[in-house]
Amino acid sequence: MATQGPGFLSRRELATLLGAGGMALAAGLPERVFARAGKTTLVIGIDISDTITLDPARQAQYTPPMTLLAAYDMLVTMDPGNYIDVKPALATQWARTPDGKGWRFTIREGVKFASGNQMTVDDVKWSLDRVLYLGDQPSQYISNIDRVAVIDSKTVDILLKNPDEPILTILAAPGFPVLDRKLLEQHGGDGSTEAKTKDKATAWLNDNSAGTGPYRLVRWERNAQIQLVRNEHYWRGKPAFERVIIRHIGDSAAQLLAIRRGDIDIAFNLIPEQVATLKSEAKIRLESLTSLDFVYMALTQEPQFNKALAVEEARQAIGYAIDYDGIKNSMLGGAALRPAHFLPIGVSGSTEEIAREIGFREDLAKAKELLAKAGMPDGFEFEIGYGIAAVDGISYQTLAQKLQADLGRVGIKAKLNPMDQVNARTIYTTGKAQGGILTFWNPPAVENLLWAAATVERVAKRVHWTPPEALVKLVHAAAAERDPKKQAQMWVDYQKQMVDQANHFILFQPIYQIAVRDTLAKLPLTAAGWQLDMYAVKPA
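Residues numbered from 1 in each chain as written. Predicted model: local features only at pLDDT ≥ 70, side-chain atom pairs only at ≥ 80, totals over all residues. Heavy atoms only, no water.

How would you explain the overall build of the protein if you had to name every residue and give the values?
When its secondary structure is counted, the protein shows 21 helices and 22 strands. What you see for the protein is a C-alpha radius of gyration of 23 Å, in line with the 24 Å of a compact globule of 540 residues. Considering the protein as a whole, with its 540 residues, one finds that 60% of them fall into the buried category. Contacts spanning at least 24 positions in sequence make up 69% of the contacts within the protein whose residues lie at least 6 apart. (Helix = DSSP H or I, 4+ residues; strand = E, 2+ residues; numbered from the N terminus. Rg over C-alpha atoms; globule rule 2.2 N^0.38 Å. Buried < 20%, exposed > 50% of the residue type's maximum accessible area, 1.4 Å probe, protein only. Contact = heavy atoms within 4.5 Å.)

Here you go:
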């Protein structure tokens, strides 16, 4: 732990400055909080309890991409609001390779890492090789890459196993930045075929960054704060703030108090009732963002965990017993959508109309009919696990209690099992969830293939389901289809099969309502997976 230096306040000092009620707020903050100095420091309040690493090649959680995009750049990117066209970043142009088997990228010249080291094509290749050979979750997103080849000092080829499948949209994700090879190798980084066992850089990357992004990571304290400082070498120009502090504030009431007092500039996790109270605030405004994220419940079908959930009709009964409109309207103030399955509203094959046509809906008579067909007319019991955390301002605890009440109407008894958020994710991702698990999905990249392929690959394993080969083939065929109408229908067919399988129930797709102090210009919010383009955040 670094020693307290100039510019930091202790909790006691902060409480003194806040006056009455300050001690209660300060008690939930890290031991040292950086003192805001005019508009030179940007302070964000958000629940970051899910953060377990800030190594881009190992990251698979919800909130870290915001930090990663502040510290790193990818070859290509997406502008806020445009999730179809990729834009230049560290690559200035790209085209198909002469043999048509991949993509050829021209690398931007004159770019320096935050360390001052010059970025080269070797850094590009090494960075992607490290992701592939580490074999962590991000490697699955780019598993179609056969190899990365340096052509000359300005050019890199990314060659694909199946050239028809998408890769550009995937490379825009914060999991695939260009890393400072020279710096990272000094801290145990390895990009060889033996990286899985040899790479030791993650611990260093959890408190530092090795990128070209507008800011540089200098501290992460779990369940406390993330600190970044300006990258003086940034190739797009001087970032607006000297420092960015991402403060973990898990309680929405504490976020509300903090933004009202001016202790934070942005609050990400307010509930609808709190949002409503801010509409008359002169110095705070609300900004909305229709996300591509969703919150869902996954159900195992492993009979050793729960015999009832191994029966398809029993799982389907759960899907028809949930009051989805109640979740949307009463808990979220109407600020949400709900897709049929893992393809959020707004992407190919997923519209509100399609969701109404093929998705689950509340139908208690249908639920009871399915229970009878499953041989369980009086219902059954199962566990719902969830993290002690909030998403879209709603705690998983509150959501679980709502589901418990809904399911009880048809005789299904839900036993609630709250746990640390990291533990909840670990239990789910390792396939150890004993019943249902409440969790989130946010796009690693805006690409249907990544959503759909996950459900028939790693997510299928988590719920102990082996998908039929024809369904797996359908997913990859849809991704490669060039005709938009044919592709959309293929994605609808995929969703129909997934709904019938009933291992996942999409509860809502949030329309985020974010509170912002008037000291900031309009926020560059994005649904692309990283929520906020930190470089483009400017003072008013």
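Additional details are given in the paragraphs that follow.
Report on the packing of helix H12 (residues 312-321) against helix H15 (residues 364-373), specifying residues and quantitative values.
Where H12 meets H15, the axes come as close as 8 Å, and the angle between the chain directions of the two elements is 170°. Taken together, the axis directions place H12 and H15 in an arrangement best described as roughly antiparallel. Once H12 is placed against H15, the crossing between them reads as left-handed. Contacts between H12 and H15 involve Glu313, Gln316, Ala317, Tyr320 and Ala321 from the first element and Leu364, Lys366, Ala367, Leu370, Leu371 and Lys373 from the second. When grouped by side-chain class, the residues that make up the contact of H12 with H15 number seven nonpolar, one polar and three charged. (Axes fitted to C-alpha atoms, helices over the stretch in contact; angles between N-to-C directions. Parallel < 35°, antiparallel > 145°, perpendicular 65-115°, else oblique. Left-handed = near helix turned anticlockwise from the far one by under 90°. Nonpolar A, V, L, I, M, F, W, Y, C, P; charged D, E, K, R; others polar.)

Can you tell me about the layout of surface pockets, naming the residues and giving the values?
Computed from the structure, the largest pocket encloses a volume of approximately 690 Å³. Elements that contribute at least two residues to the lining of the largest pocket include exactly helix H6 (168-171), helix H18 (448-456), helix H20 (469-480) and helix H21 (484-501). A per-element tally of the lining of the largest pocket places H21 first, with three residues. Here the lining of the largest pocket is built from residues that sort into 16 nonpolar, eight polar and seven charged. (1 Å grid on protein atoms, 1.4 Å probe; cavity = no way out; pocket = protein on both sides within 12 Å on 5 of 7 lines; lining within 4 Å. Points joined across faces, edges and corners; volume = space filled by probe spheres on them.)

Give me the lowdown on unusual backbone geometry, citing residues and values where you can.
Its identity is not glycine, yet Ala502 carries a phi of approximately 60°, on the positive side. On the secondary structure map, Ala502 appears in the loop between H21 and strand E22 (504-517). Residue classification places Ala502 among the buried positions, given a relative accessible area of 0%.

Which residues make up the pattern of salt bridges, and what values go with them?
One pass over the structure, following the stated rule, counts 20 salt bridges. Here Arg104 ties to Asp157 by a salt bridge, and the two come within 2.7 Å at their closest N and O atoms. Residue Arg104 is found in strand E7 (residues 102-107), and its partner Asp157 is found in strand E9 (residues 155-160); the two are separated by 53 residues along the sequence. On the basis of relative accessible area, Arg104 is assigned to the partly exposed category, the value being 28%. For Glu362, the salt bridge identified is with Arg409, shortest N-O distance 2.8 Å. (Salt bridge = Lys/Arg side-chain N within 4 Å of Asp/Glu carboxyl O.)

Tell me about the nonpolar core, and please be specific about residues and values.
If you look at the biggest cluster of nonpolar residues, it comprises 166 residues, and the most contacted ones within it are Ile44, Ile318 and Phe382. In contact with Ile318, not counting residues within four places along its chain, are Met297, Leu299, Leu309, Phe380, Phe382, Leu407, Ile412 and Phe505. In terms of nonpolar packing, the next biggest core, distinct from the first, is built from 14 residues, Ala254, Ile259, Ile264 and Val275 among them. (Core = buried A, V, L, I, M, F, W, Y, C linked by side-chain atoms within 4.5 Å.)

Can you tell me about the pairing of strand E6 (residues 91-96), naming the residues and giving the values?
In this structure, E6 lies alongside E7, joined through five bridges in antiparallel fashion. What sits directly across from Ala91, in E7, is Ile107. Counted along the chain from E6 to the antiparallel partner E7, the turn is five residues long, and its residue Gly100 has a positive phi close to 75°. (Pairing = 2+ DSSP bridges.)

How would you sum up the packing of aromatic side chains? Please name residues and give values.
Enumeration according to the criterion identifies 13 aromatic pairs in this entry. Pairing Tyr296 with Phe342 gives two aromatic rings, centres 5.0 Å apart and planes at 75°, and the pair type is edge-to-face. Pair noted here: Tyr296 is in strand E15 (residues 294-299) and Phe342 is in the loop between strand E16 (336-337) and helix H14 (352-358), with a separation of 46 residues, a long-range link. For Tyr296, a relative accessible area of 0% translates into the label buried. Judged by its relative accessible area of 0%, Phe342 is buried. Joined through ring pairs, the aromatic side chains of Phe294, Tyr296, Phe342, Tyr428 and Trp441 make up one cluster. Directly above the ring of Tyr320 sits Lys366, whose terminal nitrogen or CZ lies 6.0 Å from the centroid. (Phe/Tyr/Trp six-rings, centres within 6.5 Å; stacked < 30°, edge-to-face > 60°. Lys NZ or Arg CZ within 6 Å of the ring centre and 35° of its normal.)

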